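One-letter residues, chain by chain:
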Amino acid sequence: MLVAFSVSPTTTDTPDGSVSEAVARAVRVVRDSGLPYETTSMFTTIEGEWDECMDVVKRACAAVAEVSPRVALVLKADIRPGWTGQMTAKVERVEARLRQAD
């Protein structure tokens, strides 16, 4: 399965409202998990089995909760048993379609 999620504190003490320090804690959990992942400006996507993905999301939320009394989580999942490598394969299929249209 693919899980795209965004976790961040809902409060911050930084004058500019930045949440990057707390988000970095969450991304560290993802990196340490060993699962394939991609981090973009808005979401981190991980690929794995249901239990391992949900465990990473839970631990990422806990990492943010260490620095904030309130945590926000947005999560989207593509549950497709038996398929792997879809984080890149899905994009490659779309790119191939775009090349066909050119």
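Just so it is clear, the model here is predicted, and its values are computed rather than measured. (Residues numbered from 1 in each chain as written. Predicted model: local features only at pLDDT ≥ 70, side-chain atom pairs only at ≥ 80, totals over all residues. Heavy atoms only, no water.)

**A look at the overall build of the chain**
If you tally the helices and strands in the chain, you get 3 helices and 4 strands. The secondary structure elements of the chain, listed N-terminal to C-terminal, are β-α-β-β-α-β-α. Seen through its principal axes, the chain has C-alpha atoms that stretch 50 × 35 × 20 Å. Every one of the 102 residues in the chain was classed for burial, and the buried ones make up 29%. A fraction of 69% describes how many contacts in the chain between residues 6 or more apart in sequence connect residues 24 or more apart. Surface exposure of the chain reaches about 7,000 Å², of which carbon and sulfur atoms provide 54%. (Helix = DSSP H or I, 4+ residues; strand = E, 2+ residues; numbered from the N terminus. Buried < 20%, exposed > 50% of the residue type's maximum accessible area, 1.4 Å probe, protein only. Contact = heavy atoms within 4.5 Å. Areas by Shrake-Rupley, 256 points an atom, 1.4 Å probe, with all protein chains shown as cover.)

**Quick word on the sheet that holds strand 2 (residues 37–39)**
Read from one edge of the open sheet, 4 strands run 2-3-1-4, paired in antiparallel fashion. With partners counted over all chains shown, the strands left at the sheet margins are strand 2 and strand 4 (71–78), one partner each. On average, each strand axis in the sheet is inclined to that of its neighbour by 15°, with strand direction left out of account. Examined bridge by bridge, strand 1 (residues 2–9) and strand 3 (residues 44–47) share 4 bridges and lie antiparallel to one another. In the strand pairing of strand 3, leucine 2 is matched with glutamate 47. Of the strands in this sheet, strand 1, strand 2 and strand 3 are in contact with helix 1 (residues 20–33), which crosses strand 1 at around 150°. Along the sheet, helix 2 (residues 50–65) makes contact with strand 1, strand 3 and strand 4, crossing strand 1 at roughly 10°. (Pairing = 2+ DSSP bridges. Axes fitted to C-alpha atoms, helices over the stretch in contact; angles between N-to-C directions.)

**Here's the deal with the environment of glutamate 47**
Within the secondary structure, glutamate 47 is located in strand 3. Looking at glutamate 47, the relative accessible area reads 10%, which means it is buried. C-alpha of glutamate 47 to C-alpha of glutamate 66: the two residues are 19 residues apart in sequence and 25 Å apart in space. Aside from chain neighbours lying at most four places away, what touches glutamate 47 is Met1, Leu2, Leu35, Pro36, Cys53, Trp83, Thr84, Gly85, Gln86 and Met87.

**What about the pairing of strand 3?**
A regular strand places its side chains so that they alternate between the two faces of the sheet. A two-sided burial pattern is seen for strand 3, the buried positions comprising Thr44 and Ile46 on one face and Thr45 and Glu47 on the other. Pairing between strand 2 and strand 3: 3 bridges, direction antiparallel. Bridge pairing in strand 3 places glutamate 38 opposite threonine 45.

**Quick look at the pattern of salt bridges**
Per the counting criterion, the structure on display carries 3 salt bridges. Glutamate 66 serves as the salt-bridge partner of arginine 25, at 2.7 Å between the closest nitrogen and oxygen. Placement of arginine 25 in helix 1 and of glutamate 66 in the loop between helix 2 and strand 4 is noted, with a sequence separation of 41 residues between them. Judged by relative accessible area, which is 60%, glutamate 66 ranks as exposed. (Salt bridge = Lys/Arg side-chain N within 4 Å of Asp/Glu carboxyl O.)

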